[in-house]
Amino acid sequence: MDSLLNLVFEYIQSFSSDKPTLKTLFRIFQKTFEKSIMLTHRSKYTQFILFFICQFDASFVERFVGRLVDWSCSEEAPLVTRQTCCAYCASFVCRATFVSIDIVRSVLYFSLTWVNKYIDGYDAMEKPLHPGDPGHLVFYSLSQAVCYIVCFSSRRFERESAGLAFLRRWDWTRILNSPLDPLRVGLPRECHLVLHLLGGQRVHSHVSSSGAAARAGDQQRLRAVPHQRTDPRLGG
């Protein structure tokens, strides 16, 4: 696999100064990613072909990330597709050093806007699905993704004059302490770190120590969803 990937990387690199050909290759790889790679369970390496070509043109990054965010927030896309897009997007914007802080900010803006609207809708329901139900899959996936992105990108935001102000404009306590309880299936360490970075607030899980079995059951039900990626890091 390593040898094959290196051959593809070398082929792409050979066109680094040929923008028209690079654009053609990008369209081919993006289509392949969306039709095959993205829906392949536990794909770990092939997606790096698309990650690699994105470094040659900022417009590739915008188109790739834009598609992932659009699908993540789309009410028409299947839950599993939306969850997978959350994972790939978080992994890409955190790990790829050529992704601009403006792209990272945009991902957080659209993701957090969706998360807040989801909480508003949940609060207004008379008989909502129970916390931990697979029906909330996208909420948990996006909540994990934004926490992961903030943890990995916090120093970049700290170097910007208005970077931390952007992060602090969101009500993180409301999100992480919401009745949906992201800690049921999320990344507790990252959730606590986010609040520490943004003002030292506290976050708690609505699952008591005596409810550990219920929490484990929630995680098991969510993992039963096909192509489940609970941790965004599995996206890349």
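Residues numbered from 1 in each chain as written. Predicted model: local features only at pLDDT ≥ 70, side-chain atom pairs only at ≥ 80, totals over all residues. Heavy atoms only, no water.

1. A word on the overall build of the protein chain
Step number 1: Along its length, the protein chain carries 11 helices and 0 strands.
Step number 2: The order of helices and strands in the protein chain, counted from the N terminus, is α-α-α-α-α-α-α-α-α-α-α.
Step number 3: Across the 236 residues in the protein chain, those meeting the buried criterion constitute 48%.
Step number 4: Considering only contacts in the protein chain between residues 6 or more positions apart, those separated by 24 or more positions represent 74%.
Step number 5: For the protein chain, the computed accessible surface area is about 11,900 Å², with 54% contributed by carbon and sulfur atoms. (Helix = DSSP H or I, 4+ residues; strand = E, 2+ residues; numbered from the N terminus. Buried < 20%, exposed > 50% of the residue type's maximum accessible area, 1.4 Å probe, protein only. Contact = heavy atoms within 4.5 Å. Areas by Shrake-Rupley, 256 points an atom, 1.4 Å probe, with all protein chains shown as cover.)

2. Structural notes on helix 4 (residues 58–73)
Step number 1: The end-to-end C-alpha distance of helix 4, which contains 16 residues, comes to 23 Å, matching closely the 22 Å that a straight helix rising 1.5 Å per residue would cover.
Step number 2: On its buried face, helix 4 sits against helix 2 (19–37), helix 3 (48–54), helix 5 (79–95), helix 6 (101–124) and helix 7 (137–158). (Expected span 1.5 Å × (residues − 1).)

3. Concerning a nonpolar patch on the surface
Step number 1: A cluster of nonpolar side chains, contributed by Met1, Tyr45 and Phe48, occupies part of the molecular surface with about 320 Å² of accessible area.
Step number 2: With respect to the helices and strands, the residue Phe48 is situated in helix 3. (Patch = residues over 30% accessible without salt bridge, like charges linked within 9 Å, V, L, I, M, F, W, Y side chains within 5 Å. Salt bridge = Lys/Arg side-chain N within 4 Å of Asp/Glu carboxyl O.)

4. A closer look at the nonpolar core
Step number 1: Counting 63 residues, the largest nonpolar core has Ile53, Phe64, Val65, Phe92, Val93 and Leu108 as the members making the most contacts within it.
Step number 2: Per element, the largest residue contribution to this core is 12 residues, and it comes from helix 7.
Step number 3: Non-local contacts of Ile53, meaning those with residues more than four positions away in its chain, are made with Ile12, Leu22, Leu25, Phe26, Phe29 and Phe60. (Core = buried A, V, L, I, M, F, W, Y, C linked by side-chain atoms within 4.5 Å.)

5. Structural notes on unusual backbone geometry
Step number 1: Backbone geometry at Asp181 places phi at a positive 55°, although glycine is not the residue there.
Step number 2: Here Asp181 shows up in the loop between helix 9 (172–176) and helix 10 (188–197).
Step number 3: For Asp181, a relative accessible area of 0% corresponds to the buried category.

6. With respect to the state of the cysteines
Step number 1: What the rule picks out here adds up to 0 disulfides.
Step number 2: This cysteine, Cys86, is not joined by any disulfide, and Cys85 carries the nearest cysteine sulfur, 7.2 Å off.
Step number 3: Here Cys86 falls in the buried class, since its relative accessible area comes to 3%.
Step number 4: The thiol of Cys89 is not disulfide-bonded; the next cysteine sulfur, from Cys86, is found 7.8 Å away.
Step number 5: With a relative accessible area of 5%, Cys89 lands in the buried category. (Disulfide = S-S within 2.5 Å.)

7. What about the pattern of salt bridges?
Step number 1: The final tally for this structure, using the stated rule, is 6 salt bridges.
Step number 2: The partner of Arg82 in a salt bridge is Glu75, and the shortest N-O contact between them spans 3.6 Å.
Step number 3: Put simply, Arg105 and Glu160 hold a salt bridge, and the shortest N to O gap is 2.3 Å. Here Arg105 is found in helix 6, whereas its partner Glu160 is found in the loop between helix 7 and helix 8 (163–168), with 55 residues between them in sequence.
Step number 4: Salt bridges here are not isolated pairs; linked through shared partners, they connect Asp102, Arg105 and Glu160.

8. Observations concerning the packing of aromatic side chains
Step number 1: Applying the stated criterion across every chain, the model contains 19 aromatic pairs.
Step number 2: For the ring pair Phe26 and Phe60, a centre distance of 4.4 Å and an interplane angle of 5° mean the geometry is stacked. Taken together, the residues span a long stretch of sequence, with Phe26 in helix 2 and Phe60 in helix 4 at a distance of 34 residues.
Step number 3: Relative accessible area serves as the criterion here: at 0%, Phe26 is assigned to the buried category.
Step number 4: Its relative accessible area of 1% is what places Phe60 among the buried residues. (Phe/Tyr/Trp six-rings, centres within 6.5 Å; stacked < 30°, edge-to-face > 60°.)

9. Concerning the confidence of the model for the protein chain
Step number 1: For the protein chain, mean pLDDT is 81; residues scoring 70 or higher make up 79% of the total.
Step number 2: Of all secondary-structure elements in the protein chain, the lowest mean pLDDT belongs to helix 11 (residues 212–223), at 45, while helix 4 reaches the highest, 95.
Step number 3: Overall, residues 207–236 carries pLDDT values under 50, and its contacts beyond four positions in sequence, including any with other chains, amount to 75 contacts. (pLDDT = per-residue confidence, 0-100.)

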